[in-house]
Every structure is written in C-alpha cells, then in structure tokens.
Amino acid sequence: MNISANSLFHFTNKFEHLQNVVSSGFKFRPCEEELPLSGYENCPFDQLGIIEHFQHVPVVCFCDLPLGQSSEHREQYGQYAIALSKEWGIRSKITPIRYVHSNSPDFASVTSSKILDLPVDLGAHGNNVFQFFSRILRDNKSYLAPTNEDLANLPIPMQNLMSIVSVEFLSLLQHCRDLMPLVRIYEGEWTDRVTNQTAHRVFYDEREWRAVSWDSQAVLQFKFADIRHIIVQTEDERTAIANQMISQAEQLGISMPHLAWTKVRIAEELFGDA
C-alpha cells in the first residue's frame, strides 16, 4: 500500500466551507502553533520543559494521506474534502512541511526566536542592516550602530558596498523567516475536535503540505483540471456542488460543463461502512 496519496486533500467539517472554496479559492487563515524551542541560555525554566513559543502565520493546509488511511484525520478535520493534484500543489508552491522536536540540532531557541521576530524587526528597520543589528545586540553596551548620518559621511564606494551587504544579508534573513512557517512540532498536546478533551497527538502522522502567504488577503486559486475529487455526504450536496461548478464554468475553465459531475463523490461510495 502506498504511504503517499496521488492528491493533496483539504478536509473541512461543513459543506458551506467546501462551497466557499469552489466559489472563491482557498483563503489563508492565521495558524497558531507551538514550536518546541529549547536551549535558552542561563534559563532554568528550559530544563523544566515549560518554555513555549507560538507563531501566527496565514496558511492553507493539506494532507498527503491515501483515503484508506485517512479515517482518523477525517474524524478530526471533517468528512468533506477537495482533493487537488500534486502537480497543481507544486506549481502553487505548496510544500511538505518539516516536523521538529526539542532536540532537533538546528532548532535552538535563541536563534529560532530571533527568526520568529524577523517580520516585525525587518519592517521596523527597513533596509538598514546596521540598525537591525543594533536591536539584536541591544544588550551589548559597547556596541553602537552607525546612524544614517554616519553612513552618509563614508566614501561613496564604502556606501555602495554597505548597501550591497544590507540587501544580500536581509535577503538571507527573509529566507530564514519564510522557512519558519513550514515548521511544525513533531508531537504535542491537542484538543480533540470530537471529545473536546486534551490529548497527545503525533502531528507527523498528518503528512502535512502547506501554502504560506504573508499577505492575509491572498487567495490560493485552482482550475477545474486541477481537481481530482470533491467529497460530499449526500446526493443533494453532490447535485448542489456540481451545479455550482457548472455555473462557474468560465471561471474554473470547464470546457464541457457536464464533466463537473465526474469530480464529485459521495463519501459512502468511497468509504462504505468504514
């Protein structure tokens, strides 16, 4: 049995949510996640394992689970789904995420917490890498960042060199910032969506792929050809979603509207009594 699916599945618990996706595409939603930061210097609380850090980034989530292995996932996230081709996902820069734990060797708190702060820091200091470092090194009393006036008094070749350094280094920092939303804790506490009880969950089992946008107004779009399946619960819902796609034939790029019916499946047809 394959351990990966041929499609990327986005599950939801309401038919209306599925209709909204077909109508307007995927909207990016802020996702609050705990990260397993460790290694704070001279911090006794780290030894107790109670230090937490959360990141909030607009994302759209998918899972790479064959339907036959998705029963527990569907129980938590919902029985409605839209499955899109992996080719579409790759074109759309959707990517498998990385799962980390508190002993992941390159995930020390001191570094990671600085990266988590980058969106605010970069916005506050623009392209002046020296002012940026004055914030990072603010506890070092012997360090004084040059002012804009200081920089303006340097020879033109030196100003040009520093400008290149700023652009290249800030580009590297932005790259680090863009990697953080693609990180998730390997396992942790979870509020069960059925029982509403706190439980332990291995998030790694979700095989998540993720789209990320720093623009909270962005929308992730797709065409009819990208759709592999739409999973609904009743024949009435199948009729409704097929007719919706037919009404959006031009928007979705449907050349033969009657083909809309071929994409929509009733869950019982796929899962039976499972």
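Here, the structure is the one placed above.
Here the structure is a predicted model, which means the values were calculated and not measured.

**Q** Go over the overall build of the protein with me, naming the residues and quoting the values.
**A** Assigned secondary structure in the protein consists of 13 helices and 14 strands. Going through the 274 residues of the protein one by one, you find that 41% of them count as buried. Long-range contacts, defined as pairs at least 24 residues apart, comprise 76% of the intrachain contacts of the protein with a sequence gap of at least 6.

**Q** A description of the environment of Glu-16 should follow, citing residues and the corresponding values.
**A** Note on placement: Glu-16 falls in helix α1 (residues 15–24). For the pair Glu-16 and Tyr-80, spaced 64 residues apart in sequence, the C-alpha to C-alpha distance is 9.8 Å.

**Q** Quick rundown of the nonpolar core? Include the residues and the values.
**A** Core analysis: the largest hydrophobic core is formed by 32 residues, its most contacted members being Phe-26, Phe-62 and Met-245. Those elements that place two or more of their residues in this core are α1, β4 (53–63), β5 (80–85), β11 (208–212), β13 (227–232), α10 (235–247), α11 (249–252) and β14 (264–266). Per-element tally for this core: the top contributor is α1, with four residues. Ignoring sequence-local partners within four residues, the contact set of Phe-62 consists of Leu-8, Phe-9, His-10, Phe-26, Leu-84, Trp-88, Ile-94, Arg-207, Glu-208, Trp-209 and Leu-220. Counting residues in hydrophobic clusters, the runner-up holds 18 residues, among them Ala-5, Leu-65, Leu-182 and Phe-271.

**Q** Break down the layout of surface pockets for me, citing the residues and quoting the values.
**A** Looking at the largest pocket, its volume works out to about 1100 Å³. Every residue lining the largest pocket is counted, 39 residues in all, and those nearest its centre are His-10, Arg-29, Cys-61, Tyr-77 and Arg-193.

**Q** Can you explain the pattern of salt bridges? Please cite residues and give values.
**A** Side chains that carry opposite charge are capable of pairing whenever their charged atoms lie near each other. Enumeration according to the criterion identifies 10 salt bridges in this entry. The salt bridge involving Arg-201 is made with Glu-72; its shortest N-O contact spans 2.8 Å. A residue pair is termed long-range when its members are at least 10 positions apart, and Arg-201 in strand β10 (residues 198–202) and Glu-72 in helix α3 (residues 71–77) qualify at 129 residues. Since its relative accessible area comes to 8%, Arg-201 is described here as buried.

**Q** Kindly report on the packing of aromatic side chains, identifying the contributing residues and their values.
**A** Taken as a whole, this structure holds 11 aromatic pairs when the rule is applied. Taken together, a centroid distance of 5.7 Å and an interplanar angle of 55° make the contact between Phe-26 and Phe-222 tilted. With Phe-26 in strand β2 (residues 26–27) and Phe-222 in the loop between β12 (219–220) and β13, this residue pair connects regions lying 196 residues apart in the sequence. A single burial state applies to Phe-26 and to Phe-222, both of which are buried. A ring pair is formed by Phe-62 and Trp-88, whose centres lie 5.8 Å apart and whose planes are at 75°; its orientation type is edge-to-face. On the criterion of sequence distance, the pair formed by Phe-62 in strand β4 and Trp-88 in helix α4 (residues 86–91) is long-range, its members being 26 residues apart. Residue Phe-62 is classed as buried on the basis of its relative accessible area, which comes to 3%. Taken together, Phe-26, Phe-62, Trp-88 and Phe-222 form an aromatic cluster joined through their ring pairs. A cation sits over an aromatic face here: Lys-263 above Phe-224, 4.8 Å from the ring centre.

Definitions and limits used
Residues numbered from 1 in each chain as written. Predicted model: local features only at pLDDT ≥ 70, side-chain atom pairs only at ≥ 80, totals over all residues. Heavy atoms only, no water. Helix = DSSP H or I, 4+ residues; strand = E, 2+ residues; numbered from the N terminus. Buried < 20%, exposed > 50% of the residue type's maximum accessible area, 1.4 Å probe, protein only. Contact = heavy atoms within 4.5 Å. Core = buried A, V, L, I, M, F, W, Y, C linked by side-chain atoms within 4.5 Å. 1 Å grid on protein atoms, 1.4 Å probe; cavity = no way out; pocket = protein on both sides within 12 Å on 5 of 7 lines; lining within 4 Å. Points joined across faces, edges and corners; volume = space filled by probe spheres on them. Salt bridge = Lys/Arg side-chain N within 4 Å of Asp/Glu carboxyl O. Phe/Tyr/Trp six-rings, centres within 6.5 Å; stacked < 30°, edge-to-face > 60°. Lys NZ or Arg CZ within 6 Å of the ring centre and 35° of its normal.

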